[in-house]
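Here is what each chain is made of, one letter per residue.
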Amino acid sequence: MGGESRGSIAFFATYRPPVPLDIFSCPVPPSSAHDELRLSDGDSYNYNGRPIPPAALKTLLRRPSVASKLGRLSADVDVDVDAGRVSGLVFVSERKDGLETLHVALRFAGDDKPKVLALADIFGDADFCGVRMEDVGGVGGGYKKGSRTVDHSLVYVSTKEPVKDRRRPWTVVYKTNLKTGNTERLTPADAFDLSPAVSPSGKRVAVASFQGKPWDGEVEDLQTDIYLMNADKPPLGRSPQPVIRNGGWPTWGSDDVLFFHRRVDTGRVIPLPSSKRHERYWSVFRYTISTGEIARVTPEGLDAVTPAAISETKVAVATIRQKSELTDERRSPAQHRHIEIFDITGESVQITLKTRPLADHFNPFVLDGGSRMGYHRCTSELLQEGEGSIPRHFHKLQSPHEDVGLFRVSGVFPTISKDGSMLAFVDNEFKAVWVADNQGLRIIHKCTGPNSVFSPMWNQKKDTLYVCMGPSFSAKDPLEIHAFFDVSQRTGRRHRHRRLTEGGFNNAFPSSSPDGSRFVFRSTRDHMDDDPKKRSKNLYIMEDGELGEGGGRGVTRLTFGGRVTDTHCQWSPRGDWVVFASNRGKPDGLPDADPDDKPDGLGYFAVYLVSVSKPDVVVRVIRSAGDTIAGHVNHPVFSPDMRSIAVTSDLAAVSADPISLPLFVHSVRPYGDIFVVDIDPDDIEKNKDVDAFRRVTHSRYENSTPAWTMFATDDPHAQWNVLVTNRDIISYKPACPYAYPGGGESWHMTGHLCLGQHKRCC
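Cut-off values and rules
- Residues numbered from 1 in each chain as written.
- Predicted model: local features only at pLDDT ≥ 70, side-chain atom pairs only at ≥ 80, totals over all residues.
- Heavy atoms only, no water.
- Salt bridge = Lys/Arg side-chain N within 4 Å of Asp/Glu carboxyl O.
- Helix = DSSP H or I, 4+ residues; strand = E, 2+ residues; numbered from the N terminus.
- Buried < 20%, exposed > 50% of the residue type's maximum accessible area, 1.4 Å probe, protein only.
- Phe/Tyr/Trp six-rings, centres within 6.5 Å; stacked < 30°, edge-to-face > 60°.
- Lys NZ or Arg CZ within 6 Å of the ring centre and 35° of its normal.
- Pairing = 2+ DSSP bridges.
- Axes fitted to C-alpha atoms, helices over the stretch in contact; angles between N-to-C directions.
- pLDDT = per-residue confidence, 0-100.
- Contact = heavy atoms within 4.5 Å.

### Digging into the pattern of salt bridges
In a structure, side chains of opposite charge can pair up when their charged atoms sit close to one another.
Right, so step 1: All told, the structure shown has 43 salt bridges when counted by the stated rule.
Right, so step 2: One salt bridge in this structure joins Asp650 and Arg167, with 2.8 Å as the shortest N-O distance. Pair noted here: Asp650 is in the loop between β46 (644-649) and β47 (673-678) and Arg167 is in the loop between β11 (153-158) and β12 (172-177), with a separation of 483 residues, a long-range link. The two residues Asp650 and Arg167 agree in class, both being buried.
Right, so step 3: Look at the salt bridges and you will find they share partners, linking Arg6, Asp641 and Arg643 into a network.

Right, dumping it as structure tokens:
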């Protein structure tokens, strides 16, 4: 099994675009799509680009490590840079071990593709190794200080330093000297920053910071504050108080002018068919440091985010000019996210609407003094018309634990058979059940109409796969559990299956006993109230795992939590315990629903163990948040040796400004990343409120629904491992053709699920 002696964890990345991102630029103003220039190389997912100034680029190119890897520099680097024969870009890419880390693209005149180097290639492994996320690289320094010139430094975010406290961000700003390679922390101790921006002089850095206030579970509008600090003496020179309250994504128009974005609440309430919604929109503002004046730049009512300053009076932003709804079959150009330029007079210049009107464009940056604009977008123009043939890849990722492997599945709710021969999952559209084995990928069931499929789970003993069917994510609607038998047999016809639950209750998340004869699941069967907000879910055991309720052996209730949600249950490999997520124990002072009328239980989920033989023995293993609606600890699973539990959780808060993410509009609340807590497998009482945790994944997206198998990714018995690689070797066509050639995307490209609500898909 190599070094993965404790097996491997599979997971799914929610909201990560199914079509790769790449970085482009176009002139101001553009005339057509032919004006667009690709700046990255099309390898992997590439985003959040920033240009490297010529003076800093010269320093970088003189590093021996860079020169040796390029092997093509002339004797006079200055001449090459000044003549425009070489340019540089720092950007985020997922190409190295599946991590989201910074890379440098060096483009030479006459070459179609740039040469890409990871920071470890340039500066060595000492500061650029291990599992982490990096983001938003900018360049500081280069100014005179007395008789000397301050060296240029790369300023960026990294999550490389572990944080022991729960729900504290791991995002810290560092600078790495381009000449010496020395790395220093800019963010003060016990503070956490996002979105660093370096002033034009290179002397100061503006950050969106959580300093002085805890993260409260918010995943839409972080309401960070903007601080300023000196770039040359970290962490000295940090402003003692924020210069801007409630601001994010700072960008410098000059050393005296900052632009930033902020969400505005109009105070008006929009009535909806079953609830109400506060009217809110995002605006970009201009702040003058010397006077303290703040002025809105973008029009009222227009969503404008992620500004990139061109000058003291002009700023590029990403806009959404027209609100959209899930019921829209296909979005109009005004409903996509486009790059525009605004000045303080209110005049605007449209950029990407003229190049690819049916594509979403993100996080602009300025090139050539504002004569060109950069951005990233999905490369959906590579798709075939009407095919929806989006490649889906299985990636082996670098794991922070030598004894546990890690890989990302391009499908939701991965589950691995007990013998390791088969991996099952449902597609992003929740319409098809896929199985992977040594012969590749195949669909064993397709769902039509408004219903969906989700949460497949292998029987621990038999060649049986349990699947939930019905309207997804709806507590008021019935969900039923089905069993598919003899899944390993490729019969050429539909697999025999049987519905195991009856009565129209909300039944989901089945998990079988080790001997395969029974399964535990969650259900509303004793608490079907007319009011969905008062509907409770508890755990039950189906006594006949093959015939279900029709077998006559009935259903036994396992948990008695009252008006709570017990869910996401898994039977332990040894058979004595069941682990589950629950919002039981939520303080009385917390609301049942948030102001936007989202369903009860979105926050305050913790993880519990219950004894199968003594159901009154229930132990909370992982706490939720203390006194806020934050606190998502969901989808717990046992390690095969029962020494650990893996969960999806927000224990590390957020790692990026959510509004900057490509799949955010209309998304549900993200949980965060995969974490592991160690438990005592022999005494349930010793597992109360385990404090220590280990972070497994680092991502701006939601990494969720882990599955832990005893097999390593390179084990010959794990026959699905022919699909797992560090590079792309396998793809499949999704059930739902949600992307259009020419850059267009339907709703699925913006991160929400197909629930039978638009005609093109269902």
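### Looking at the packing of aromatic side chains
Right, so step 1: All chains considered together, the criterion is met by 13 aromatic pairs.
Right, so step 2: Ring geometry for Phe413 versus Phe454: centroids 6.2 Å apart, planes at 45°, classification tilted. Residue Phe413 is located in strand β29 (residues 412-416), and its partner Phe454 is located in strand β33 (residues 452-458); the two are separated by 41 residues in the primary sequence. Judged on exposure class, the residue Phe413 and its partner Phe454 are both buried.
Right, so step 3: Of note, Arg238 hangs over the ring of Tyr227, and the distance from its end group to the ring centre comes to 4.9 Å.
Right, so step 4: One cation-aromatic arrangement involves Arg377 over Phe24; the distance from NZ or CZ to the ring centre is 4.0 Å.

### Some details on the sheet that holds strand β13 (residues 183-185)
Right, so step 1: Strand order across the open sheet formed by four strands is β8-β11-β12-β13, with antiparallel pairing between neighbours. The open sheet is flanked by β8 (134-140) and β13, the only strands paired with a single partner. Recorded for the sheet is a direction-independent mean angle of 25° between the axes of neighbouring strands.
Right, so step 2: Two strands pair when backbone bridges link them, and β12 and β13 are joined in this way by three bridges, in the antiparallel orientation. When the bridges of β13 are listed, Thr176 appears paired with Thr183.

### Some points on the confidence of the model for the protein chain
Right, so step 1: Across the protein chain, pLDDT averages 86, with 84% of residues at or above 70.
Right, so step 2: In this model, residues 593-601 is a region of pLDDT below 50 whose contacts with residues beyond four sequence positions or in other chains number 20 contacts.
Right, so step 3: In this model, residues 734-762 is a region of pLDDT below 50 whose contacts with residues beyond four sequence positions or in other chains number 110 contacts.

### Section: the sheet that holds strand β39 (residues 538-542)
Right, so step 1: The strand order across the open sheet built from four strands is β37-β38-β39-β40, with neighbouring strands paired in antiparallel fashion. Every other strand in the sheet has two partners, leaving β37 (508-512) and β40 (555-557) as the edge strands with one partner each. On average, adjacent strands in this sheet sit at an angle of 30° to one another, irrespective of strand direction.
Right, so step 2: Here β39 pairs with β40 via three bridges, running antiparallel. Counterpart to Met542 in the pairing with β40 is Val555.

### What to know about the environment of Leu21
Right, so step 1: When you line up the elements, Leu21 lands in strand β2 (residues 21-27).
Right, so step 2: Relative accessible area serves as the criterion here: at 0%, Leu21 is assigned to the buried category.
Right, so step 3: When the C-alpha atoms of Leu21 and Asn48 are compared, they prove to be 10.0 Å apart, with 27 residues separating the residues in sequence.
Right, so step 4: Apart from the residues lying within four places of it in its own chain, the contact partners of Leu21 are Ser44, Tyr45, Asn46, Tyr47, His376, Arg377, Cys378, Pro662 and Tyr701.

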